[in-house]
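Listed below, chain by chain, are the residues.
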Amino acid sequence: PGFVCTHVDRGDKPLILEHAVPVNDLDSGWGLYCGQDQHQDTDLLVVDVDRYLNQDPELQQLRVTLAEGWMATRDAPGDPWVQEPIPDEAGDQDAA
């Protein structure tokens with residue numbers, strides 16, 4: 001299982017695909033989000049991410065190539081995906 005925000009599930013907002021490091025054996029680490037910062041718990045659904053990733057050949061490819069701890073974004077459907085590390089939530093990504 002993984003997470004999808006309700007905005008992406010409804011098709012209201014563009015997709016940001018994240019492949020976070022799983023926190024336990026039940027967590028796939030995959031999340032499909034819209035980029036909104038302030039989600040409530042009710043904005044997130046626990047889903048079978050295959051249902052979403054298997055609908056789009058580009059998402060299928062990203063599932064193979066996107067490393068743990070990375071995310072993929074694009075400005076609009078059809079635009080190229082940009083892969084980059086998931087920013088540290090604390091904002092101190094560059095701290096050692």
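Before reading on, note that the structure itself is shown above.
Small disclaimer: the values here were computed from a predicted structure and weren't measured.

Procedures and definitions
Residues numbered from 1 in each chain as written. Predicted model: local features only at pLDDT ≥ 70, side-chain atom pairs only at ≥ 80, totals over all residues. Heavy atoms only, no water. Pairing = 2+ DSSP bridges. Helix = DSSP H or I, 4+ residues; strand = E, 2+ residues; numbered from the N terminus. Axes fitted to C-alpha atoms, helices over the stretch in contact; angles between N-to-C directions. Core = buried A, V, L, I, M, F, W, Y, C linked by side-chain atoms within 4.5 Å. Buried < 20%, exposed > 50% of the residue type's maximum accessible area, 1.4 Å probe, protein only. Contact = heavy atoms within 4.5 Å.

## Thoughts on the pairing of strand β5 (residues 70-73)
Taken together, the three bridges between strand β2 (residues 16-19) and β5 define a ladder with antiparallel strand orientation. Looking at β5, one finds that Glu18 is bridged to Met71.

## Overview of the sheet that holds strand β4 (residues 44-47)
Overall, mixed pairing links the six strands, which are arranged β4-β1-β3-β2-β5-β6 in an open sheet. Among the strands making up the open sheet, the edge pair consists of β4 and β6 (82-85). Across the sheet, the mean angle separating the axes of adjacent strands is 20° when strand polarity is ignored. In this sheet, β4 lies alongside strand β1 (residues 2-5) in antiparallel orientation, the contact comprising four bridges. Across the sheet, residue Val4 finds its bridge partner in β4, namely Leu45.

## Looking at the nonpolar core
The biggest cluster of nonpolar side chains holds 17 residues, and the ones touching the most others in it are Val8, Leu17, Leu32 and Leu59. For this core, the secondary-structure elements that each account for two or more residues are β1, β3 (30-33), α2 (50-53) and α3 (57-65). With sequence-adjacent residues up to four places away left out, Leu17 is seen in contact with Trp30, Gly31, Leu32, Leu53, Leu59, Leu62, Leu66, Trp70, Met71 and Ala72.

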